[in-house]
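Read off the chains here:
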Amino acid sequence: MSIVVVGSVAYDTVITPYGRAEETLGGAATFFSVAASYFCPVQVVGVVGEDFSEADVDVFRERDIDIQGIARRPGRSFRWGGEYSLNLNERKTLFTELNVFEDFDPELPPSYREARHVFLANIAPQLQLSVLDQVEQPRLVALDTMNYWIEGSRDALVEVLGRIDILVINDEEARQLADEYNLVRAAETILAMGPSVIVIKRGEHGATAFLGDEVFTIPGYPLRELADPTGAGDSFAGGFMGHLVRSGEHGPEGLRRAIVAGSVMASFCVEEFSLGGIRDLDEDRIATRYRAFQALTRFGDL
Ligand code: AMP
C-alpha cells in the first residue's frame with residue numbers, strides 16, 4: 001500500500017532566531033514524502049528545474065520514495081524564503097519564486113493511478129483537482145492548503161474540499177477558511193464543506209482533531225533545542241498519513257494514533273534545518289518518541 005503526494009519540491013532560504021540556511025532542500029512534498037516513507041512507500045508528483053542537484057535527488061532515492069512523477073523542466077526550481085521571530089508560530093514570507101511551478105500541469109505515471117491513498121499538499125487547488133481526477137479509485141484523500149489559496153482561489157478550494165476525506169490545516173487557516181475565530185465552530189463550518197475529519201495543526205501547541213463526534217487534542221513535544229519549524233506541518237501530515245496507510249485503521253482510534261505519529265515526525269523536523277531532523281531516523285527513535293508522547297498526556301482517575 002503506497003500513498004501519492006502532490007506538492008512543492010523547493011529550495012528554501014530560512015532565517016530563524018537560531019541560525020540561517022540558504023537554498024536548502026525543502027518543499028511540502030519533500031517533507032511529506034520523507035516523513036511518510038518511515039511508514040509506507042510514497043509516490044511523489046512534482047516539478048523541479050535544471051538546477052535541481054543529484055545530491056538532492058538522492059534524498060528521495062535513499063528512501064522508499066518513487067520519483068517517476070517528478071518532472072524536470074527547463075528553468076529554475078521553485079524557491080521560497082521565510083523568516084521567523086522568537087515566536088516560531090509566526091513567520092514572514094520573504095519571497096516566493098514559482099519558476100517551473102508556474103506552468104506545472106501534473107501528469108501521473110500509470111503506476112500511480114491505482115493508488116488508494118492521496119495527499120494533496122499545499123498547492124493551487126486547481127492542480128489538486130487535476131491530480132485527484134487522475135487517480136482511478138481513491139479511498140482516502142487528505143488535503144492541506146494555505147491563506148494564499150483561501151484568499152485567491154476560494155471557489156476551486158471549496159470544490160476540492162467537497163471531494164476529500166481529511167483536511168489537515170493550521171489554526172489561522174482554519175479560522176480564515178471558516179471566517180470564524182472559535183476553532184470548535186470553525187471546525188463545524190469546515191466539516192459541513194465536505195471532509196469527515198479535520199486535523200488542526202497548532203504549532204508548538206500541538207494539534208486538535210475533530211473526528212466525527214469526538215475531539216482529540218495532543219500537546220506539542222516540549223523540546224529544549226529547536227532550529228527551524230519549516231516543514232513541520234508537512235512532516236506532521238507525512239507521519240499522520242503514512243501511519244494511517246500502514247495501519248489500515250481509519251476509525252477514531254486509528255486516527256488518534258496517526259495524529260501522534262504525525263506529531264512525532266513534526267517534533268523531529270523542528271530540531272534541525274531543512275530535512276536534517278527527519279532524514280536519518282529509525283524505527284527505534286520514532287517508537288521512543290511515540291512513547292514519550294504517551295507519557296506526556298497520561299493521567300489517572302479523579
Ligand atoms: P510548512 O512549514 O510545513 O508550512 O511548509 C513549508 C514548505 O512549504 C517550504 O519548504 C516551502 O518550500 C513550501 N512552500 C511555501 N510556500 C509555498 C507555496 N505558495 N506553494 C507551495 N509550497 C510552498
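Source: prediction; values computed, not measured. Position numbers for residues start from 1 in each chain and track the written sequence from start to end. Side-chain atom pairs in this predicted model are given and counted only at pLDDT of 80 or more, local residue features only at pLDDT of at least 70, and totals for whole chains, interfaces and linings cover all residues. For the side-chain quantities, the full set of heavy atoms in the structure was used; hydrogens and water were omitted.

**Thoughts on the pairing of strand β8 (residues 117-120)**
Residue alternation in β8 divides its side chains into two sets, His 117 and Phe 119 and Val 118 and Leu 120, and both sets are buried. Strands qualify as paired when DSSP identifies two bridges or more between them. Helix and strand labels come from DSSP, where a helix needs a run of H or I of at least four residues and a strand needs a run of E of at least two; each type is numbered from the N terminus. Bridge count between strand β1 (residues 3-6) and β8: 4 bridges; the pairing is parallel. Bridge pairing in β8 links Val 6 to Leu 120. Two strands pair when backbone bridges link them, and β8 and strand β9 (residues 140-143) are joined in this way by 4 bridges, in the parallel orientation. When a residue's accessible area, from a 1.4 Å probe over protein chains only, is under 20% of the maximum for its type it is buried; when over 50% it is exposed; and in between it is partly exposed.

**A look at helix α3 (residues 125-134)**
Most of α3 is tucked away, with 8 of its 10 residues classed as buried. For α3, every residue scored as buried is listed here: Pro 125, Leu 127, Gln 128, Leu 129, Ser 130, Val 131, Leu 132 and Gln 134. Buried residues in α3 make contact with β1, β8, β9, α4 (147-152) and α5 (154-161). What makes two residues a contact is simply this: any of their non-hydrogen atoms within 4.5 Å.

**What about unusual backbone geometry?**
Residue Glu 23 is not a glycine yet carries a positive backbone phi of 50°. Here Glu 23 is to be found in strand β3 (residues 19-26). Looking at Glu 23, the relative accessible area reads 39%, which means it is partly exposed. Of note in the backbone geometry, Asn 99 takes a positive phi value of approximately 50° without being a glycine.

**Concerning the packing of helix α1 (residues 28-36) against helix α8 (residues 232-247)**
It is at 7 Å that the axes of α1 and α8 come closest, and there the two elements cross at 40°. Taken together, the axes of α1 and α8 are oblique relative to one another. With respect to the hand of their crossing, α1 and α8 are arranged in right-handed fashion. Note on element contacts: α8 touches α1 through Asp 234, Ser 235, Ala 237, Gly 238, Gly 239, Met 241 and Gly 242, opposite Ala 28, Phe 31, Phe 32, Ala 35 and Ala 36. Polar here means any residue other than Ala, Val, Leu, Ile, Met, Phe, Trp, Tyr, Cys and Pro, which are nonpolar, and Asp, Glu, Lys and Arg, which are charged; Gly is therefore polar. Of the residues that constitute the contact of α1 with α8, the class distribution is 7 nonpolar, 4 polar and 1 charged. Note on geometry: axes are C-alpha line fits, over the in-contact stretch for helices, and angles between N-to-C directions span 0 to 180 degrees. Orientation labels follow simple angle bins: below 35 degrees gives roughly parallel, above 145 gives roughly antiparallel, 65 to 115 gives roughly perpendicular, and whatever is left gives oblique. Should the near helix be turned anticlockwise from the far one by less than a right angle, the crossing is termed left-handed; should it be turned clockwise, right-handed.

**Quick look at helix α6 (residues 171-178)**
Where burial is concerned, most of α6 is hidden: 6 out of the 8 residues are buried. Within the sequence span of α6, burial applies to Asp 171, Glu 173, Ala 174, Arg 175, Leu 177 and Ala 178. Where α6 is buried, its residues meet α4, α5, β10 (166-170), α7 (183-191) and β11 (197-201). Residues adjacent in sequence count toward polar contacts only when both atoms are side-chain atoms; beyond that, a polar contact is any pair of N or O atoms within 3.5 Å, and within protein one must be able to donate a hydrogen and the other to accept it. Here α6 starts with a cap whose side-chain oxygen sits 3.1 Å from the backbone nitrogen of Glu 172, and that cap is Asn 170. In the stretch just after α6, Asp 179 is the one whose phi turns positive, near 55°.

**Regarding the nonpolar core**
Among buried residues, those of type Ala, Val, Leu, Ile, Met, Phe, Trp, Tyr and Cys that are joined through side-chain atoms within 4.5 Å constitute a nonpolar core. Grouped together as the largest cluster of nonpolar side chains are 62 residues, with contacts concentrated most on Phe 119, Ile 166, Phe 240, Met 241, Ile 259, Met 265 and Ile 278. Per-element tally for this core: the top contributor is helix α9 (residues 252-269), with 10 residues. With residues up to four places along the chain from it excluded, the contact list for Met 265 reads Ala 35, Tyr 38, Phe 39, Ser 235, Gly 239, Ile 278, Leu 281 and Ile 286. Counting 46 residues, the second largest nonpolar core, distinct from the first, contains Trp 80, Ile 169, Leu 183 and Ile 198.

**What about the site of the ligand?**
Taken together, 17 residues form the shell around the ligand, and within it Ser 8, Asp 12, Gly 27, Gly 231 and Asp 234 come nearest. Between the ligand and Gly 231 there is a distance of 2.7 Å, counted from an oxygen atom to a backbone nitrogen or oxygen. Here the ligand has 510 Å² of accessible area as a free molecule, and 89% of this is covered by the chains. Ranked by residues supplied to the shell around the ligand, first place goes to α8 with 3 residues. We call a residue near a molecule or strand when any one of its heavy atoms sits within 4 Å of it. Per-residue accessibility takes into account occlusion by the displayed protein chains alone, with areas from the Shrake-Rupley method and a 1.4 Å probe.

**A look at the environment of Asp 64**
Position of Asp 64 relative to the elements: it lies in the loop between α2 (54-61) and β5 (65-72). Not counting residues up to four positions away in its chain, the partners in contact with Asp 64 are Ser 37, Pro 41 and Val 42.

It is worth stressing that arrangement in space is one thing and function is another; only the former is reported here.
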